[in-house]
Amino acid sequence: MSDLSCKLLVIGAGPGGYVTAIRAGQLGVDTIIVDGEALGGTCLNVGCIPSKALIHAADEFAASAAHSKKNPLGISHPKPKIDFKQTIKWKDGVVKQLTGGVGALLKKAKVRTVMGWATFVDGKTVSVATDKGEIKISAENICIASGSTSTELPHMPFGGDIISSTEALALETVPASLAVIGAGYIGLELGIAYAKLGAKVTIVEREDRILPIYDAALTKPVLARLKALKINLHLKTDAAAFADGVLTGKTSGSKSVEIPAEKVLVTVGRSPQTKGLGLDNLVLDMDGPFIKIDDRCRTAMTGIYAIGDVTGEPMLAHRAMAQGEMVAELVAGKARVWDKAVIPAICFTDPEIVTAGLSPDEAEAENIEIINAMFPLAANGRSLAIERTDGFIRIVARKDNHLVLGIQAVGKGCAELASGFGLAIEMGARLEDIADTIHAHPTQGEAVQEAALKGLGHALHI
Ligand code: FAD
């Protein structure tokens, strides 16, 4: 392959990079995208999508298992079995369909795709190690969308039975026992899924609570579910070593803990993927290990942008995509700036947690007088009809003018409410806007309306 040139070169074809490239292509920008591994990045190949597929399979299996015992629905069938190889094959099929779709969309947008690892030569040139040898790509603009990788524990590096989320999504069998180090959202999502699939799961967390970035009210229903699923939880515990099928740890009170485990899943965070990028050949400002960007995703060097996980928290696919769309439009000459009011986040735990905007604590920390209106799912018909009333919807609004500052939810199926939460905050909704909108019946959405009504002092169904 001979050397190439373009107006925009995108490094990394994850959700950030491929969206940048597609939007740029749509706008007629001559664009090349490079990836060393696979189109779709972490999200489509080893992150969001395969994890949600595994969670779905685990939920289906757990539902069958529940129905093989005496249950209020009157359903009976034999104890289910799982052919886990087939489950993983199905999950791989979902991934393949989506990554293939990304390839087709890039092609449709007339984006040139080069598979290989990119290294900066200088601010306008990148060398790419492809299967067919090294090529140089020169570009007027470069967008770094190189994402992130699982963080390793220095004293327990990945390898053998110590695995990252990537291996946890491709196991051949359900392990009899699984120790999860780190009770953030990735560890909990996968830990809960494997518990439902029949593994004996133990979670070890250094902090004194699960999902430390969420408030206790939101995590309480998840804690109750961990207990119901017989997942052992060791809080305030540091994992020390793993040998001969036993994970050892120490509590903050110096008590030793021994956990038998066939596999140890380490989910202690994600680190920016900058290795091999040749950042030494550039003069970028960094924000700790992340690439520092401004409100247009510009780095310290003219013509070099950075988006997605490599730029720091929140490390979420939809943030990367929104940044990518903006960068493509900037390169095409449009006036754009990062002016999003909110980036919703979802933990696909059981039950799911959704957050958008400010929590009550965060609003109060900003000295804002608030209305904190909570409506329990126990009073929602739809939740009752799907047998899951654990959870609530909470709206945080300004006391003076009722402007909605944040909406949070915890409950089975609440993930699908996230778009409405984001829309309400982005549109500057007041409690009255939500309360006066007809919400279809019977849905969990009605609980959002009821929370707004409650905030106004006249909830109907409580
Ligand atoms: P990535 O998706 O990481 O893509 C970066 C790409 O760049 C990769 O394909 C890599 O091969 C390529 N690359 C890196 N360096 C180079 C180089 N030098 N040359 C060429 N190519 C390079 N987020 C959500 O929003 N919702 C979820 O439910 C969710 N679930 C998750 C579950 C798991 C198990 C994990 C691990 C992550 C999850 N995430 C979720 C996070 C989400 O995957 C990331 O936020 C998202 O993928 C970041 O997108 P990105 O484009 O910045 O980078």
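Criteria and thresholds
- Residues numbered from 1 in each chain as written.
- Predicted model: local features only at pLDDT ≥ 70, side-chain atom pairs only at ≥ 80, totals over all residues.
- Heavy atoms only, no water.
- Domains from an automatic or database assignment.
- Contact = heavy atoms within 4.5 Å.
- Buried area = accessible area lost by both parts, 1.4 Å probe.
- Salt bridge = Lys/Arg side-chain N within 4 Å of Asp/Glu carboxyl O.
- Polar contact = N/O pair within 3.5 Å; in protein donor to acceptor, adjacent residues only side chain to side chain.
- Helix = DSSP H or I, 4+ residues; strand = E, 2+ residues; numbered from the N terminus.
- Nonpolar A, V, L, I, M, F, W, Y, C, P; charged D, E, K, R; others polar.
- Buried < 20%, exposed > 50% of the residue type's maximum accessible area, 1.4 Å probe, protein only.
- Axes fitted to C-alpha atoms, helices over the stretch in contact; angles between N-to-C directions.
- Parallel < 35°, antiparallel > 145°, perpendicular 65-115°, else oblique.
- Left-handed = near helix turned anticlockwise from the far one by under 90°.
- Core = buried A, V, L, I, M, F, W, Y, C linked by side-chain atoms within 4.5 Å.
- Patch = residues over 30% accessible without salt bridge, like charges linked within 9 Å, V, L, I, M, F, W, Y side chains within 5 Å.
- Areas by Shrake-Rupley, 256 points an atom, 1.4 Å probe, with all protein chains shown as cover.
- Lys, Arg positive; Asp, Glu negative; His and termini not counted.
- Charge placed at Lys NZ, Arg CZ, Asp CG, Glu CD.
- Expected span 1.5 Å × (residues − 1).
- Pairing = 2+ DSSP bridges.

Split by domain assignment, the protein resolves into domain 1 (4–149 + 271–331), domain 2 (162–268) and domain 3 (345–455). Between the C-alpha centres of domain 1 and domain 2 the distance comes to 27 Å. Across the boundary between the two partners, domain 1 contributes 17 residues, which contact 15 residues of domain 2. Buried surface at the junction of domain 1 and domain 2, both sides included, amounts to about 1,400 Å², of which 69% is carbon and sulfur. The largest contributions to the domain 1 side of the interface with domain 2 come from Val-46, Leu-54 and Phe-84, which together make up 35% of the buried area. Counting across the interface, domain 1 meets domain 2 through two salt bridges. Note that Glu-189 and Lys-52 form a salt bridge whose closest N and O atoms lie 2.8 Å from each other. Linking domain 1 with domain 2 are three residue pairs in polar contact (both at pLDDT 80 or more). Broken down by secondary-structure element, the contributors of at least two residues to the side of domain 1 that touches domain 2 are α3 (48–67) and α4 (84–108). With nine residues, the top contributor of residues to the side of domain 1 that touches domain 2 is α3. The residue inventory of the side of domain 1 that touches domain 2, partitioned by class, reads eleven nonpolar, two polar and four charged.

Between Asp-350 and Pro-351 the backbone carries a cis peptide bond, its omega angle lying at -5°. Within the secondary structure, Pro-351 is located in the loop between β20 (345–347) and β21 (352–357). A cis geometry characterises the amide bond from His-441 onward to Pro-442, with omega recorded as -10°. With respect to the secondary-structure elements, Pro-442 resides in the loop between α12 (431–435) and α13 (445–455). Phi at Ser-254 takes a positive value of approximately 65°, unusual for a residue other than glycine. Following the sequence through the fold, Ser-254 ends up in the loop between β13 (246–251) and β14 (256–260). Judged by its relative accessible area of 52%, Ser-254 is exposed.

Attention now goes to the side chain of Asp-215. Mapping Asp-215 onto the fold places it in the loop between β10 (200–204) and α7 (216–228). For Asp-215, a relative accessible area of 16% translates into the label buried. A distance of 2.7 Å separates a polar atom in the side chain of Asp-215 from a polar atom in the side chain of Arg-394. Among all residues touching Asp-215, those that are not within four sequence positions of it are Arg-209, Ser-359, Asp-361 and Arg-394.

A few words now on the packing of α3 against helix α6 (residues 185–196). Between α3 and α6, the least distance of the axes is 8 Å, while the angle of their chain directions is 30°. Our classification of the angle between α3 and α6 gives roughly parallel. Read as a crossing pair, α3 and α6 show a hand that is left-handed. Facing α3, whose interface residues are Ser-51, Lys-52, Leu-54, Ile-55, Ala-58, Asp-59, Phe-61 and Ala-62, α6 presents Glu-189, Leu-190, Ala-193, Tyr-194 and Lys-196. The residue makeup of the contact of α3 with α6, split by class, is eight nonpolar, one polar and four charged.

The residue Gln-323 is located in helix α8 (residues 317–331) in this model. Reaching out from Gln-323, the side chain makes a polar contact with the backbone nitrogen of Gly-308 at a distance of 2.6 Å. Apart from residues lying up to four places away in sequence, Gln-323 is in contact with Ile-293, Cys-297, Ile-307, Gly-308, Thr-311 and Trp-338.

In terms of nonpolar packing, the biggest core is built from 37 residues, with Leu-54, Leu-188, Tyr-194, Val-201 and Ile-353 touching the most fellow members. Of all elements in the fold, only α3, α4, β9 (177–181), α6, β10, α7 and β20 reach the threshold of two or more residues within this core. Filtering out sequence-adjacent residues up to four positions away, Ile-353 remains in contact with Leu-211, Tyr-214, Leu-218, Thr-219, Val-222, Ala-345, Ile-346, Cys-347, Ala-409 and Val-410.

Turning next to a negative patch on the surface. Residues Asp-361, Glu-362, Glu-364 and Glu-366 make up a contiguous surface patch of negative charge. Structurally, the position occupied by Glu-364 is in helix α9 (residues 360–365). Assessed through its relative accessible area of 46%, Glu-364 is described here as partly exposed.

Attention now goes to a positive patch on the surface. On the surface, a cluster of positive charge is contributed by Lys-69, Lys-79, Lys-200 and Lys-230. Structurally, Lys-69 is set in the loop between α3 and α4.

Since one α-helical turn is 3.6 residues long, residues separated by three or four positions face the same way. An ideal rise of 1.5 Å per residue puts 36 Å on 25 residues; α4 measures up with 36 Å between its terminal C-alpha atoms. Among all positions of α4, only Phe-84, Thr-87, Ile-88, Lys-91, Val-95, Thr-99, Val-102 and Leu-106 are buried. Where the residues of α4 are buried, they touch α1 (15–26), β2 (31–35), α2 (41–46), α3, β3 (112–115) and α6. Just downstream of α4, Lys-110 is the residue with a positive phi angle, here 60°.

Turning our attention to the sheet that holds strand β15 (residues 263–266). Here we have five strands laid out as an open sheet, ordered β8-β15-β9-β10-β11, and parallel in their pairing. This sheet does not close on itself; its edge strands, each paired only once, are β8 (162–163) and β11 (232–234). Direction of pairing for β10 relative to β11: parallel, over a ladder of three bridges. Note that in β11 the partner of Val-204 across the bridge is His-234.

Our next topic: the sheet that holds β20. Overall, antiparallel pairing links the five strands, which are arranged β20-β21-β24-β23-β22 in an open sheet. In this open sheet, the two edge strands, each paired with only one partner strand, are β20 and β22 (370–376). The average undirected angle you get between the axes of adjacent strands in this sheet is 10°. Where β20 lies against β21, three bridges are found, and the strand directions are antiparallel. Directly across from Ile-346, in β21, lies its bridge partner Val-354.

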